[in-house]
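The residues making up each chain are set out below.
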Amino acid sequence: MPGRGRKAPRGTPAAGAGGAAASPPRAQPTRVGAPDWNRDPQVGFDPSVAREAREQGPRPSWRERLPERPEWSRSGAGSGGRGRGRGGGRFAHWSWPKRIGAVLAVILLLFVGFGIYLDTQMTRIQALPEYEGSSSSGTNWLIIGSDSRAGLSDTAAQQLSTGEVDGSRTDTMMLVHVGGFGGQTSLTSLPRDSILPIPGHGRGRLNSAYSIGGPELLTQTVETAADIEIDHYAEIGFEGFAGMVDAIGGVDMCLDDAIDDPKAGIDLPAGCQTLDGPQALGFVRTRAFPNADLQRIQNQRKFLSALVSEAASPVTLLNPFRIVPFANSAIGTLTVDDSTHIWNLASLGFAMRSLSGGGGVTTTVPIDLSSSVSGGVVWNKQKSGQFFDAIRDDEEIPQDLITGG
């Protein structure tokens with residue numbers, strides 16, 4: 001009798017209770033692929049099948065028998081079958097010129113979108129009066145620096161040393177002419193103490209026109225006195241000016257002499273230095289000079305050129321942490337006429353950049369020193385007429401009419 005650990009030969013009935021026959025042999029598992037004739041003898045042997053298998057060569061491995069992954073597989077990257085782990089993807093198949101073009105297109109879209117956003121944030125007012133005046137070639141901008149304290153907190157007013165003055169007056173006035181094709185670009189300072197006819201109010205100082213009738217009367221006063229047409233108006237206040245300077249990390253200036261003016265809140269040594277926002281504001285406002293307003297005009301033009309040069313430099317334009325705060329600060333406190341848009345300001349910026357690089361003329365309207373009394377400034381009638389004739393006709397300003405004062 002076989003022991004407990006021995007098996008009866010396959011096909012032989014095993015002894016059991018009552019002499020019953022043993023259970024049939026267990027079925028072999030189904031194998032993938034063609035049968036293995038050595039390990040599955042019960043399958044049977046067909047010589048023709050074996051001969052055909054030998055003629056077909058070695059049987060392919062299980063890896064080669066796997067079905068090909070479809071193109072939509074998660075690990076696939078298109079018809080090439082390269083997955084993400086091996087640097088696949090549509091972008092990887094692009095040529096370098098195509099990749100660079102895509103990156104530039106994204107940057108352009110961001111730039112345009114930011115420009116549209118800035119255009120919606122601009123404050124617009126009615127600044128260009130409706131009346132029949134002289135037409136001009138090129139584009140003329142009247143740029144105003146207002147000494148309005150409106151909106152300034154006590155802390156900001158103390159930091160900027162603005163003092164306590166009610167109302168609004170013009171602290172800086174400049175006429176920027178952007179020449180047409182082949183025309184000359186110029187920046188002309190207009191002394192705020194210029195004695196001129198104010199339409200409907202007799203003769204008075206130029207800055208008083210702003211106090212009496214706001215931007216519209218000021219624009220009409222300049223247009224009437226110069227016999228030209230103003231196309232755009234831009235005004236910026238104290239806090240916005242200081243914010244623009246701080247946004248680009250300050251502006252480098254070289255001073256021939258030290259300046260100590262408690263009223264403007266500055267005590268600057270002679271030599272080259274970097275001015276922050278409050279210092280820059282004090283520098284363009286101070287009149288602590290023997291020739292008072294005329295020297296201040298020179299300082300304003302000098303600083304404006306340095307500011308535009310710094311703002312238009314690659315260090316600022318390619319640095320979003322500088323150009324975005326600068327643009328937001330400028331737009332947030334800038335007031336323009338209702339026909340001015342962001343692309344007009346961009347054109348003005350390019351013109352100012354050209355001026356700062358020596359590509360134009362910076363000067364002051366010709367004045368008559370012999371007639372200027374009691375702090376007032378009188379324009380030289382003959383020379384100023386020739387001067388503004390050249391601007392109106394988009395011609396070069398005669399060299400003998402260009403002054404640095």
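Keep in mind that what you see is a predicted model, and the values were worked out from it rather than measured. (Residues numbered from 1 in each chain as written. Predicted model: local features only at pLDDT ≥ 70, side-chain atom pairs only at ≥ 80, totals over all residues. Heavy atoms only, no water.)

J.: Break down the overall build of the protein chain for me, with residues and values.
T.: A count of helical and extended segments in the protein chain gives 13 helices and 13 strands. Looking at the protein chain as a whole, 37% of its 405 residues are labelled buried. Considering only intrachain contacts with a sequence separation of at least 6, the fraction spanning at least 24 residues in the protein chain is 65%. Accessible surface, the protein chain as shown: approximately 24200 Å² in total, 54% of it carbon and sulfur. (Helix = DSSP H or I, 4+ residues; strand = E, 2+ residues; numbered from the N terminus. Buried < 20%, exposed > 50% of the residue type's maximum accessible area, 1.4 Å probe, protein only. Contact = heavy atoms within 4.5 Å. Areas by Shrake-Rupley, 256 points an atom, 1.4 Å probe, with all protein chains shown as cover.)

J.: If you had to explain the sheet that holds strand E13 (residues 361-364) to someone new, which residues and values would you point to?
T.: The mixed open sheet is built from 7 strands, whose spatial order is E1-E12-E7-E2-E3-E4-E13. Each end of this open sheet is capped by a strand with a single partner; those strands are strand E1 (123-125) and E13. For this sheet, the mean angle separating the axes of adjacent strands, direction not counted, is 20°. The pairing of strand E2 (residues 139-146) with strand E7 (residues 232-236) spans 5 bridges and is parallel. Across the sheet, the residue bridging to isoleucine 143 is alanine 234, located in E7. This element, helix H6 (residues 206-226), spans E1, E2, strand E3 (170-178) and E7 of the sheet and lies at about 10° to E3. Across the sheet, helix H12 (residues 342-356) touches E2, E3, strand E4 (186-189), E7, strand E12 (334-337) and E13, and the angle it forms with E2 is around 85°. (Pairing = 2+ DSSP bridges. Axes fitted to C-alpha atoms, helices over the stretch in contact; angles between N-to-C directions.)

J.: I'd like to hear about the state of the cysteines, residue by residue, with values.
T.: Scanning the entire structure with this criterion turns up 1 disulfide. Here cysteine 254 pairs with cysteine 272 through a disulfide, and the sulfurs are 1.9 Å apart. On the sign convention where negative is left-handed, the bridge of cysteine 254 and cysteine 272, at about 100° about the S-S bond, is right-handed. Here cysteine 254, found in strand E8 (residues 251-255), pairs with cysteine 272, found in strand E11 (residues 271-275); they are 18 residues apart in sequence, far enough to count as distant. (Disulfide = S-S within 2.5 Å.)

J.: So, the side chain of asparagine 344: which residues are in play, and what are the values?
T.: Here asparagine 344 lies in helix H12. On the basis of relative accessibility, which here comes to 18%, the residue asparagine 344 falls in the buried class. Within polar-contact distance, the side chain of asparagine 344 engages the backbone nitrogen of histidine 341 at 2.8 Å. Beyond its immediate sequence surroundings of up to four residues, asparagine 344 is in contact with Trp141, His232 and Ser339. (Polar contact = N/O pair within 3.5 Å; in protein donor to acceptor, adjacent residues only side chain to side chain.)

J.: Which residues make up the nonpolar core, and what values do they have?
T.: In terms of nonpolar packing, the biggest core is built from 44 residues, with Phe241, Phe283, Phe303, Leu307 and Phe326 touching the most fellow members. Among the elements that make up this core, the one with the highest residue count is H12 (6 residues). Those residues in contact with phenylalanine 283 that lie beyond four places of it in its chain are Met253, Leu255, Ile259, Ile266, Leu268, Leu275, Asn299 and Phe303. Ranked by size, the runner-up nonpolar core spans 27 residues in total, among them Leu128, Ile144, Ile198 and Ile391. (Core = buried A, V, L, I, M, F, W, Y, C linked by side-chain atoms within 4.5 Å.)

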